[in-house]
Structure formats: C-alpha cells, structure tokens
Amino acid sequence: MREMEYLEELTGRYPVLDAVKADVLAAYEMMKECYEHGGKVLIAGNGGSCADSEHIVGELMKGFVKRRPVAGEFADALRAADPVRGGELAAHLQGSLPAIALTGHISLSTAFSNDVNGELTYAQQLYGYGRPGDVFIGISTSGNAKNIMYALAVAKAAGIRTIGLTGKDGGELGRASDVSIVVPEQETFKIQELHLPVYHTLCLMLEEHFYEV
C-alpha cells in the first residue's frame, strides 16, 4: 500500500521520528475516516504554527503530488453550466480534501478579540464551523497554547475528534488530544522543523488513498 511507503520514507529520512511513527499512522487513519464520511479538517496554530496551518490546507485542498482531475460527470456538468468557461474549469479544477485554517479570518478574529476575548477566537470558529465527525488539528510547539486548548475543549464538546501536533513533553495538548504527535525536540524551531515532514507525510498518505492520478 503506497500510503505506508510514505510513512516508511518519513522515518527513513528522519530517523528521530520513528518514535512517533505509530502516532502519525493513527492521525492518518482518523483523517481518512473523517473524509470517507464527508467530514472536514479544521486547523489552528500560532506564529510559525499558524503558517503551518495554512500550509496544510494548501496541500489538502488541491493537488499535492498528483493532478486530482475532477470526475467525468462533474466535468460534463461544468461544460453544460457554462459553455464558454466550463471546458477550462473541467481541465484545471482539482479534487479537494476539505480543510479550513482557523487562522486567516482577520475581520472575524479581530472583532472577536476586541469585543469578547482573543484567546477564545479559535474556539468560536470551531463552534461555528465544526460538526460531529470533523477533525481538529491543534498545533502548539509547547503544547500549552491557551487558545488551542480552548478550541480543543469546544471540539470535545461538539463530537469533533482531535489531533495534537506538538513537541517537548507534549504539554496539555499532548495529554488531552485523541491522537498526539509529540516530536522529540525541545527548542521551538527544531520542533517546527519536524512538524513539516510529519504533516507533509499525512497529506501525501491521504492523497494517495483518495486519488488515483
């Protein structure tokens, strides 16, 4: 199974991540089940982890290493919907695995921070977007980011499964998440350097499972 080849490649290139190999696989299985049942993935982090949240969305919502062409029936529907533009759309749109970064809604986040409490902004978005069966990925290098923990509490109350991507000793996030990937580093930049190959591997495994080309 090609998905497992990507996992083996991860630990081959980064032997230190062999310690979290089973956790990466568990996160993949959780995300795969979410997508198989029509769910979506919601992601949040701070600082560099905020950028990681957006990066993950970029790999899931369009082709990563595959073209992901739209289905033939939808291509026909596009041409019927707009004879002028439908052909171009059918040729260039790509299959998506639905994912939303909770980090980019500036008007919402600044308004909520000003009017209510900035530490609850991700929690508010998760409450609004999340549905049972979705998956929330919280990213915190320390595992103790307050806004991520507030969001995690909302996820648990709403029936949303959780993945914690962290480092050091895992912190609160590592202990409270359904699946925790605690990369074995202590310094923030080194933790972030290992987070990237972990989530790239998850995205590659998911794309391999859901798309043939």
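Note that the coordinates shown come from a computational prediction; the quantities given were computed from them, not determined experimentally.

**Some remarks on the overall build of the protein**
Helix and strand counts for the protein come out as 10 helices and 5 strands. The C-alpha atoms of the protein give 18 Å as radius of gyration, which agrees with the globular expectation for 213 residues (17 Å, within 12%). Counting every position in the protein, which comprises 213 residues, the buried fraction comes to 47%. Taking contacts inside the protein between residues at least 6 apart in sequence as the whole, the part at least 24 apart equals 73%. Charge-centre separation for the protein: the mean point of 18 positive side chains lies 1 Å from the mean point of 28 negative side chains.

**Here's the deal with a nonpolar patch on the surface**
Judged by side-chain polarity, Phe-74, Leu-89 and Leu-93 come together as a nonpolar surface patch covering roughly 250 Å² of accessible area. Mapped onto the elements of the fold, Leu-89 is located in helix α5 (residues 86-92).

**A short note on the pairing of strand β1 (residues 41-45)**
Every regular strand shows the same layout, with side chains that alternate between the two sheet faces. Of all 5 residues in β1, 5 are buried, a share of seventy percent or more. Judged by which residues are buried, β1 turns out to be covered on both faces: Val-41, Ile-43 and Gly-45 on one side and Leu-42 and Ala-44 on the other are all buried. Taken together, the 3 bridges between β1 and strand β2 (residues 99-101) define a ladder with parallel strand orientation. In the strand pairing of β2, Leu-42 is matched with Ile-100. Here 5 bridges tie β1 to strand β3 (residues 135-139), and the two strands are oriented parallel to one another. Its bridge partner being in β3, Ile-43 is matched across the sheet by Ile-137.

**Quick word on the layout of surface pockets**
A water-sized probe rolled over the atoms picks out the places where empty space is left. By volume, the largest pocket is sized at about 180 Å³. Tyr-6, Glu-9, Leu-10, Arg-13, Tyr-14, Phe-64, Leu-196, Pro-197, His-200, Thr-201 and Leu-204 together form the lining of the largest pocket. Going through the elements one at a time, α1 (2-13) and α10 (188-210) are the ones with two or more residues in the lining of the largest pocket. With 5 residues, α10 is the largest single contributor of residues to the lining of the largest pocket.

**Structural notes on the side chain of Thr-201**
Looking at the secondary structure, you find Thr-201 in helix α10. Thr-201 sits in the buried class, given a relative accessible area of 5%.

**What to know about the UniProt feature "domain: SIS" (unreviewed entry) in the protein**
According to UniProt, the positions carrying the feature "domain: SIS" (unreviewed entry) are residues 31-212. Within the segment residues 31-212, helix and strand shares are 54% and 13% respectively, and the terminal C-alpha atoms sit 18 Å apart.

**Comments concerning the sheet that holds β3**
Ordered by their spatial adjacency, 5 strands build an open sheet running β2-β1-β3-β4-β5, and the pairing between neighbours is parallel. If you trace the sheet from one side to the other, it starts and ends with β2 and β5 (179-182), each paired once. Mean inter-strand twist for the sheet, computed between neighbouring axes without regard to direction, equals 15°. The strands that helix α8 (residues 146-158) touches are β1, β3 and β4 (161-166); relative to β3, the one it contacts most, it runs at about 165°.

**Some points on the nonpolar core**
If you look at soluble globular proteins, the nonpolar side chains tend to sit buried side by side. Of all hydrophobic cores here, the largest spans 38 residues; its most connected members are Met-31, Leu-60 and Ile-181. Per element, the largest residue contribution to this core is 9 residues, and it comes from α10. When near neighbours in sequence (up to four residues on either side) are disregarded, Met-31 contacts Val-41, Leu-60, Val-135, Ile-137, Ile-163, Leu-202 and Leu-206. One finds Phe-136, Ala-145, Leu-152 and Ile-160 within the second-largest nonpolar core, a separate group that totals 16 residues.

**Some thoughts on the pairing of β4**
When you tally the buried positions in β4, you get 5 out of 6 residues, the bulk of the element. The pairing of β3 with β4 spans 5 bridges and is classified as parallel. Bridging across to β4, Ile-137 finds its partner in Ile-163. One crossover worth recording links β3 to the parallel β4 by way of α8, and it is right-handed. Here β4 runs beside β5; their pairing, made up of 4 bridges, is parallel. Along β5, the bridge assignment pairs Gly-164 with Ser-180. In the classification by handedness, the crossover that spans β4, the intervening helix α9 (residues 171-176) and the parallel β5 is right-handed.

Scoring rules and cut-offs
- Residues numbered from 1 in each chain as written.
- Predicted model: local features only at pLDDT ≥ 70, side-chain atom pairs only at ≥ 80, totals over all residues.
- Heavy atoms only, no water.
- Helix = DSSP H or I, 4+ residues; strand = E, 2+ residues; numbered from the N terminus.
- Rg over C-alpha atoms; globule rule 2.2 N^0.38 Å.
- Buried < 20%, exposed > 50% of the residue type's maximum accessible area, 1.4 Å probe, protein only.
- Contact = heavy atoms within 4.5 Å.
- Lys, Arg positive; Asp, Glu negative; His and termini not counted.
- Charge placed at Lys NZ, Arg CZ, Asp CG, Glu CD.
- Patch = residues over 30% accessible without salt bridge, like charges linked within 9 Å, V, L, I, M, F, W, Y side chains within 5 Å.
- Areas by Shrake-Rupley, 256 points an atom, 1.4 Å probe, with all protein chains shown as cover.
- Salt bridge = Lys/Arg side-chain N within 4 Å of Asp/Glu carboxyl O.
- Pairing = 2+ DSSP bridges.
- 1 Å grid on protein atoms, 1.4 Å probe; cavity = no way out; pocket = protein on both sides within 12 Å on 5 of 7 lines; lining within 4 Å.
- Points joined across faces, edges and corners; volume = space filled by probe spheres on them.
- UniProt positions renumbered as here; feature names shortened; annotations may be inferred.
- Axes fitted to C-alpha atoms, helices over the stretch in contact; angles between N-to-C directions.
- Core = buried A, V, L, I, M, F, W, Y, C linked by side-chain atoms within 4.5 Å.
- Right-handed = clockwise from strand over helix to strand, strands pointing away.

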